[in-house]
Amino acid sequence: MALKAEVLYDFTAEPGNNELSVRRGETVTVLDQTVGGGWIEAQNSSGQTGLVPEGYLQVGRGVGGGGGGDSWMGGGAHVSDPTEGWNSQGYTHTPAVEDDDGEWDDDWDDQSVGGYHGDDQADEEGGASGQSVHGPSVKISLNKFPFSKGPSPEVFLLAKPPANSRDRLPVYMGEVGPVWLYPLAPLDCVIADPKKESKLYGLKSFIEYQITPNTTNRPVNHRYKHFDWLYERLLEKFGSALPIPSLPDKQVTGRFEQDFIRMRMEQLQAWMTRMCRHPVVSQSEVFQLFLTYRDEKDWKAGKRKAEKDETVGPMIFSLLEPDAAELDTAEVEQKCEHYSRFTKSMDDGVRELLNVGNTHWKRCTGPLPKEYERIGRAFRNLSTVFITSRYPGEETLTDALTAAGQTYEEIAEIVAQQPQKDLHFLLETNNEYKGLLGCFPEIMAVHKAAVDKVKEADRLVSAGKITNNDRKSMNQRVSCMSYSLQAEMNHFHSNRIYDYNRVMQLYLQQQVTFYEQIADKLRGALSRFATL
């Protein structure tokens, strides 16, 4: 039975991009889910084919069957029949639930703290997007609460720092200015061996990944929900000072398909590698817990401790220990302004490259191979015509023409496979940086708010709202924030140079191989004519 998909949103095709216009509520036939680049090849009821964004489709057997097909619950539960689960004795048997992104209700956890459970409850009751239980399934992002809703920097500027904090964040002056203290042995980890596991006697299923850090070489197991918990903790603790990019979005349907599991594991690996490379995040207690817990008891204790951490939000700056004098506020503001302009321009450049790359991907997997196939068919058809002349001695020409046609058909296949070899890594790196760049406006805003508050210090002293000692303390503390911001700027630039140098080398090496492969094919075709 052909795989069907229901269209969730209107989509208008762009001319020349091999796209297919679809309308919400329409049912289409899925032809190819492995196109890549976030696209699916589909066919509408009129027989027209083309590419449709995968996020615009709900794929599944029986879609659009007028109530007789499959229904998908917001939390991933699949119900095919209202009487399903009743046996001959009248006892109920609950169908298995795909719960890869469900609640923290496994043996690893007793309850949830700090508002985290609320999103899960929404999922169980009809999806995080507020849809009804039987509403359309879409990709849902749990990473939707900006840090700006947290406390203002006044908490740090005027409050007494926690006395029991043992963590310190050393910053020192390097050749480029303030820099974080990097560990002698860089942290890294490998995510592998995804397995479908179950709980509640098999009633709920999820994918569990094996993560092995290079510091212990001892694997630990985590599911997606655990990664999401780690993201929330890192965002709460470091979001005022460091860019914590979002995880790959939560997805309701198709979570147990092999292609999706492979893609998610690759994205989680990239996210963890990025976090491991950060000298502050990688050495934090909560991140180390995630990678090195010993058993369930150790995990639970560490989880509860992390959720009760007091040095979160702007209070993270109380852990700063800059090994230098106070920074000049005017000079810092000038550097911040320059950095803001740079990150904004880089964000525009990254988005442009993503747009161009995705357009090229669609062309390479859509119209371009078909053009090569048409050229190949035209050569072979001409060869067939020549054969009908029955003129003596032209077999060499007709064979060469046929071989040339086959060559162009082989080139079409090479072209269609190429984006996965080169564009994939280039686009993934740019997607990572788009996420990182999206965090900086929030970080810059926290710093600016602190600087503006310090500028009001004289007025606050005159009004009797703060003392001279308070003003002095505020100056010292905003200087700590400036050290942190500049250390993060330098960390970003260092990683940017390394990452783009690496990914461009990989991209161009693959491009050279690609064109050499095509050139070899064409030389082979040419040699068939050289003997005439």
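Residues numbered from 1 in each chain as written. Predicted model: local features only at pLDDT ≥ 70, side-chain atom pairs only at ≥ 80, totals over all residues. Heavy atoms only, no water.

(A) Summary view of the pattern of salt bridges. One pass over the structure, following the stated rule, counts 25 salt bridges. The partner of Asp499 in a salt bridge is Arg274, and the shortest N-O contact between them spans 2.8 Å. Highlighted residues: Asp499 in helix α13 (residues 468-530) and Arg274 in helix α4 (residues 258-276), separated in sequence by 225 residues. Linking Lys448 and Asp452 is a salt bridge whose minimum nitrogen-to-oxygen distance equals 3.0 Å. Placement of the pair is Lys448 and Asp452 together in helix α11 (residues 440-455), with a separation of four residues, close to one helical turn. Its relative accessible area of 31% is what places Asp452 among the partly exposed residues. By sharing partners, the salt bridges in this structure join Arg274, Arg277, Glu432, Asp499 and Arg502 into a single network. (Salt bridge = Lys/Arg side-chain N within 4 Å of Asp/Glu carboxyl O. Helix = DSSP H or I, 4+ residues; strand = E, 2+ residues; numbered from the N terminus. Buried < 20%, exposed > 50% of the residue type's maximum accessible area, 1.4 Å probe, protein only.)

(B) Molecular detail of the sheet that holds strand β5 (residues 57-59). Pairing in this open sheet of five strands is antiparallel, and the strands run β4-β3-β2-β1-β5 from one edge to the other. Every interior strand has two partners, whereas the edge strands, β4 (49-53) and β5, have only one. The mean inter-strand angle of the sheet, taken between neighbouring strand axes irrespective of direction, is 45°. Pairing of strand β1 (residues 4-7) with β5 involves three bridges; the strand directions are antiparallel. Paired with Ala5 across the strands is Val59, a residue of β5. (Pairing = 2+ DSSP bridges. Axes fitted to C-alpha atoms, helices over the stretch in contact; angles between N-to-C directions.)

(C) Structural context of α11. Over its 16 residues, α11 runs 23 Å from end to end, which matches the ideal 22 Å to within 8%, given 1.5 Å per residue. When we look at burial in α11, the residues that qualify are Phe440, Ile443, Met444, Val446, His447, Ala450, Val451, Lys453 and Val454. (Expected span 1.5 Å × (residues − 1).)

(D) Inspection of the packing of helix α9 (residues 395-421) against helix α10 (residues 423-437) at higher detail. At their nearest, the axes of α9 and α10 sit 4 Å apart, and the two run at 35° to each other. Residues Gln418, Pro419, Gln420 and Lys421 of α9 touch α10, and the partners they reach there are Leu423, His424 and Phe425. Tallied by class, the residues present in the contact of α9 with α10 amount to three nonpolar, three polar and one charged. (Contact = heavy atoms within 4.5 Å. Nonpolar A, V, L, I, M, F, W, Y, C, P; charged D, E, K, R; others polar.)

(E) Expanded view of the environment of Gly47. By secondary structure assignment, the location of Gly47 is in the loop between β3 (39-43) and β4. With 18 residues separating them in the primary sequence, Gly47 and Thr29 have C-alpha atoms 9.4 Å apart.

(F) Broad picture of the nonpolar core. Grouped together as the largest cluster of nonpolar side chains are 59 residues, with contacts concentrated most on Phe227, Leu230, Leu234, Ile244, Met272, Phe287 and Leu291. No other element matches the eight residues that helix α3 (residues 224-238) contributes to this core. Those residues in contact with Leu291 that lie beyond four places of it in its chain are Leu187, Cys189, Ile211, Pro213, Val220, Met272 and Cys276. By size, the runner-up hydrophobic cluster in this structure holds 22 residues, among which are Val332, Tyr339, Val350 and Leu436. (Core = buried A, V, L, I, M, F, W, Y, C linked by side-chain atoms within 4.5 Å.)

(G) Main features of the pairing of strand β10 (residues 169-174). As defined by bridge partners, β10 adjoins strand β16 (residues 320-322) across three bridges and the pair is classed as parallel. Bridge assignment links Pro170 to a residue of β16, and that residue is Glu321. Bridge count between β10 and strand β11 (residues 177-180): four bridges; the pairing is antiparallel. In the strand pairing of β11, Met173 is matched with Pro178. Linking β10 to β11, which pair antiparallel, is a turn of two residues.

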